[in-house]
Amino acid sequence: MYLIIGLGNPGPRYELARHNIGFLVADNLAEKQRIALAQSKHRALYGEGEIEGCQVVIAKPMTYMNNSGQAAKLLLSAFKIFPKQVLVIHDDIDLPLGKIKVKTKGGDAGQLGVRSIAEKFGTDQFYRVRVGVGRPDDQGDIVDYVLTSFTEAETRLLNEVIEEAITKVEETLMEMNKRNNKTEENEEW
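(A) Focus on the side chain of Lys-60. With respect to the helices and strands, the residue Lys-60 is situated in strand S4 (residues 54-61). By relative accessible area, which is 10% here, Lys-60 ends up buried. For Lys-60, the residues in contact, after removing those within four places along its chain, are Gly-6, Phe-23, Ala-26, Asp-27, Leu-37, Ala-44 and Leu-45.

(B) A look at the pairing of strand S5 (residues 86-92). Here S5 lies mainly inside the structure; 7 of its 7 residues are buried. The side-chain alternation of S5 yields two buried faces, one formed by Val-86, Val-88, His-90 and Asp-92 and the other by Leu-87, Ile-89 and Asp-91. Here strand S1 (residues 2-6) pairs with S5 via 4 bridges, running parallel. Across the sheet, the residue bridging to Leu-3 is Val-86, located in S5. Of the pairings in the sheet, the one linking S5 to strand S7 (residues 127-132) comprises 6 bridges and is parallel in character. Looking at the pairing, Asp-92 lines up with Gly-132 of S7.

(C) Structural view of the pattern of salt bridges. Per the counting criterion, the structure on display carries 8 salt bridges. Residue Arg-135 pairs with Asp-94 through a salt bridge whose shortest N-O separation is 2.3 Å. Here Asp-94 lies in the loop between S5 and strand S6 (100-103) and Arg-135 lies in the loop between S7 and helix H4 (142-147), a separation of 41 residues in the sequence. With relative accessibility at 42%, the residue Asp-94 sits in the partly exposed group. Note that Arg-156 and Glu-152 form a salt bridge whose closest N and O atoms lie 3.8 Å from each other.

(D) Structural detail: a negative patch on the surface. Among the surface-exposed residues, Asp-137, Asp-138, Asp-141 and Asp-144 lie close enough to one another that they form a single negatively charged patch. Looking at the element boundaries, Asp-138 is found in the loop between S7 and H4.

(E) Inspection of the confidence of the model for the protein at higher detail. Taken over all residues, the pLDDT of the protein has a mean of 92, while the share at 70 or more is 96%. Ranking the elements of the protein by mean pLDDT puts helix H5 (residues 152-186) last with 87 and S1 first with 98.

(F) Quick peek at helix H1 (residues 21-32). Taking 1.5 Å per residue as the helical rise, H1 with its 12 residues ought to reach 16 Å, and the 16 Å between its terminal C-alpha atoms agrees with that figure. The complete set of buried residues in H1 reads Ile-21, Gly-22, Phe-23, Leu-24, Val-25, Ala-26, Leu-29 and Ala-30.

About the cut-offs
- Residues numbered from 1 in each chain as written.
- Predicted model: local features only at pLDDT ≥ 70, side-chain atom pairs only at ≥ 80, totals over all residues.
- Heavy atoms only, no water.
- Helix = DSSP H or I, 4+ residues; strand = E, 2+ residues; numbered from the N terminus.
- Buried < 20%, exposed > 50% of the residue type's maximum accessible area, 1.4 Å probe, protein only.
- Contact = heavy atoms within 4.5 Å.
- Pairing = 2+ DSSP bridges.
- Salt bridge = Lys/Arg side-chain N within 4 Å of Asp/Glu carboxyl O.
- Patch = residues over 30% accessible without salt bridge, like charges linked within 9 Å, V, L, I, M, F, W, Y side chains within 5 Å.
- Areas by Shrake-Rupley, 256 points an atom, 1.4 Å probe, with all protein chains shown as cover.
- Lys, Arg positive; Asp, Glu negative; His and termini not counted.
- Charge placed at Lys NZ, Arg CZ, Asp CG, Glu CD.
- pLDDT = per-residue confidence, 0-100.
- Expected span 1.5 Å × (residues − 1).

See the structure below:
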């Protein structure tokens, strides 16, 4: 089983904020795969289903971004899975809107939701799909920038970005499954 976590902030105020791109991708992935995010437990909204033959849980922490690790850790325990079976989808200001990168481990680059998860897991050995949201011109405005909604011009590109991110999540899930199956055979990661 794999846990796919989209990061964001709960509530309508943040619905279309840059910081909520993880929620937007998770919602659209769940809709595409016909997985209802209807369970409300473990400080998260989540649903269980299957993607390309892999059992998955798609979840959105209902804590605020900086405390995402609380929900992630509860979900990890509830479903008895390991961090290497977790894929986190999050915004990344170091990438321009439209750029998406996959990361398998490492630092949080200042993304406090990722930091919270790494701290609660006690490891940085989990997968991430980093979705670029761009960087503000004034570096002092980063918090305000990620909490504001996408501009009208950006919104036109947003659907394409979400679709591309979904494809990256699905591809990464297949790669995770291959690696984890090899690991089970070789008993190392």
